[in-house]
Every structure is written in C-alpha cells, then in structure tokens.
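One letter stands for each residue in the lines below.
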Amino acid sequence: VAGIEAVLADTENHFQCEYDCATEGGTLWFEMDVLPLRTRSGGVVIKHREITRHKAIEKELRDRDEKINLAAESANLALWTMNYERDESWMSDKGRELFEFAPNQRLSRELFLSRIHPDDREEVDDAMEQAYVASRTFEIEYRLLLPDGKTRWLISRGRYLSNDRGEASELIGVAIDVTGQVKADLELRLQREELTRLNRVASMGELTASLAHELNQPLTAIASNAAAGKRFLASGDFHNFKELLGDVFADARRA
C-alpha cells in the first residue's frame, strides 16, 4: 500500500513488488507493477502477473545449488559453469573460496586466467582454447597466484558443451586443490635426496677408513725397515741391507 500511495503522490515514478496468496489449490505468487497515470486527474495503472512457476523454478535452482555446494565441499571440489548464450555464470562456494572470487563476482575466461600463475597461464590458455575449438575435454595441473601472494596447486578438468548449431555454448568445469599433496611430494623428495646424500657421506667414511687401514700396514713396515736400516748403517752391518731395501720397495709398491 505504501508503494501505491507513493506513486499516487508522485514521490515515486514506479513501484514493483512480489506477493503470495493462499488458495485452496496452494500458494500462488504474483508480481505487481504500479505506474503513474499521466492525466489531469492523476491515478495509477496497476499490473499483476502470476509468477508461481517462476518462483518454483527459482526454488529448484536454489535447492540444486545448495546440493551441488554440499557435494563439492564434501569432496573438496570447485565447480563452475559459464553459459555464453544466456550470458550467465555460476561457481560453487568452494570454488570462490579457492580462487578468492567475491560471492557475486561475474565469471569470465579472462578473470579465471588472471588468477593463474604467470608461468602457467599460457599453457592453461592453450589447453582451454584447443578444447573450445574441438569441443572436447581439457585436463591440466597448474598453480594459482592469489592476490595475497599465496600459491595453490590445482588440477582442473573442463568441457565445452555445444548447442544445436554445433557452436560452443557453455563451459562446465571442476577443480581440486592438490597443494597439500604437492607439498608432501616435495617434502618426500627432499627427504630422499638428503638420505641419498647421507648414504654417500657414510660410504665415503667407510672408504676412508678402509684406505687408512690398507695404507697403514705397508707404511708401518716401511718405517720399521727404515729404522732397521739406520741401525745396520750405524753398526757397519751390510749383510742384510739388500734384502731390507727389497722389503721397503715392495711395501712402497703395495701402498
């Protein structure tokens, strides 16, 4: 009533509202438009339109979105659709959280690519373009570079749907966040590399000890024979000197 009175008083030039009516057959929904009647005596034109079916479809879509969101959250998936013919787009709550899109932010290929890491952007764009031209599925792993500087790893799968004329009319896609898995794989690889390095160090230690042991014996023998030779020289005993030098030579070759 207040809206109708505002149009009658010429404080508003248009009023629109939706309202429901309870009937024996169920609840009916109507849409009312109120426009001023441009005559000397004034007045308004009131138009009613039944929108019961429209409201039912809206409810069905809301229920569907809630179910899809629940399934996506349970599976940690991001879901989205972009309908080019109707110029409509939709993305699950999990998807907007992953890509850090605003709740009502309109989706587009350009917006999607703007979130891709610069080093991966061309590869993702090429995969999408080839799928668009051939009307086929694409699947690719890439990094997101978010506005706060954080990086996430995703695996995305998408497909372009065609209309009756064979033209790509809609894109449907799904993505899963594999950042945790990628970090775990990287940590495992680093641990394996460290283990390999430690094994090499241990092997080098064993080899060093073995070499020291093998060298110690002939060098000790050489030192002993040299000491004996000095004693022979001091006493003038040259009888065993040739044999002693032969032992020194043999030990030196062994070392």
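Remember, it's a predicted structure, so these values are computed and weren't measured experimentally.

*Asks:* Quick question: what am I supposed to make of the sheet that holds strand β2 (residues 26-36) here?
*Replies:* Through backbone hydrogen bonds, the strands of a sheet pair up, either in parallel or in antiparallel fashion. In space, the 3 strands of this open sheet follow the order β1-β2-β3, with antiparallel pairing throughout. Unpaired on one side and paired on the other, β1 (15-23) and β3 (44-50) mark the two borders of the sheet. Taken pair by pair, the neighbouring strands of this sheet meet at an average axis angle of 25 degrees, ignoring direction.

*Asks:* It is not clear to me how the environment of A221 should be interpreted in this structure. Could you clarify?
*Replies:* With respect to the helices and strands, A221 occurs in helix α6 (residues 179-235). Judged by relative accessible area, which is 24%, A221 ranks as partly exposed. Here the alpha-carbon distance between A221 and V248, two residues 27 residues apart in the chain, equals 7.5 Å.

*Asks:* Whenever I open this one, helix α7 (residues 241-254) confuses me. Can you help?
*Replies:* Owing to its 3.6 residues per turn, the α-helix aligns residues three or four sequence positions apart on the same side. With 14 residues, α7 should cover 20 Å at 1.5 Å per step; its first-to-last C-alpha distance of 20 Å lies within 8% of that length. Taken residue by residue, α7 has F241, L244 and D251 as its buried positions. Within α7, the buried residues cover an arc of 90 degrees as seen down the axis, which keeps them to one side. Residues of α7 that are exposed and point more than 90 degrees away from the buried face comprise K242, E243, F249 and R253. The inward-facing, buried residues of α7 contact α6.

*Asks:* Can you help me understand empty space enclosed by the protein in this one?
*Replies:* Picture a little ball the size of a water molecule; that probe, rolled over the atoms, points out where space is still empty. Counted under the stated rule, the structure contains 1 cavity of 30 Å³ or more. Taken as a whole, the largest cavity spans an internal volume of roughly 40 Å³. Contributing to the lining of the largest cavity are W80, M82, M91, F101, L107, S108 and F112. Grouping the amino acids of the lining of the largest cavity by side-chain chemistry returns 6 nonpolar, 1 polar and no charged.

*Asks:* In this structure, what is going on with the pattern of salt bridges? I would like to understand it.
*Replies:* Close approach of charged atoms lets side chains of opposite charge pair. For the structure shown, the criterion picks out 9 salt bridges. As a salt-bridge pair, R109 and E129 come within 3.1 Å of each other at their nearest N and O atoms. Remark: E129 occurs in helix α5 (residues 118-134) and R109 occurs in helix α4 (residues 109-114); sequence separation between them is 20 residues. Taking relative accessible area as the criterion, R109 reaches 19% and is therefore assigned buried. Residue D120 pairs with R143 through a salt bridge whose shortest N-O separation is 2.9 Å. A residue pair is termed long-range when its members are at least 10 positions apart, and D120 in helix α5 and R143 in strand β6 (residues 137-145) qualify at 23 residues. Here the two residues D120 and R143 agree in accessibility, since each one is buried. Bridged by salt links that share partners, the residues R109, D125 and E129 form one connected network.

Rules and cut-offs
- Residues numbered from 1 in each chain as written.
- Predicted model: local features only at pLDDT ≥ 70, side-chain atom pairs only at ≥ 80, totals over all residues.
- Heavy atoms only, no water.
- Pairing = 2+ DSSP bridges.
- Helix = DSSP H or I, 4+ residues; strand = E, 2+ residues; numbered from the N terminus.
- Axes fitted to C-alpha atoms, helices over the stretch in contact; angles between N-to-C directions.
- Buried < 20%, exposed > 50% of the residue type's maximum accessible area, 1.4 Å probe, protein only.
- Expected span 1.5 Å × (residues − 1).
- Arc of directions from axis to C-beta.
- Contact = heavy atoms within 4.5 Å.
- 1 Å grid on protein atoms, 1.4 Å probe; cavity = no way out; pocket = protein on both sides within 12 Å on 5 of 7 lines; lining within 4 Å.
- Points joined across faces, edges and corners; volume = space filled by probe spheres on them.
- Nonpolar A, V, L, I, M, F, W, Y, C, P; charged D, E, K, R; others polar.
- Salt bridge = Lys/Arg side-chain N within 4 Å of Asp/Glu carboxyl O.

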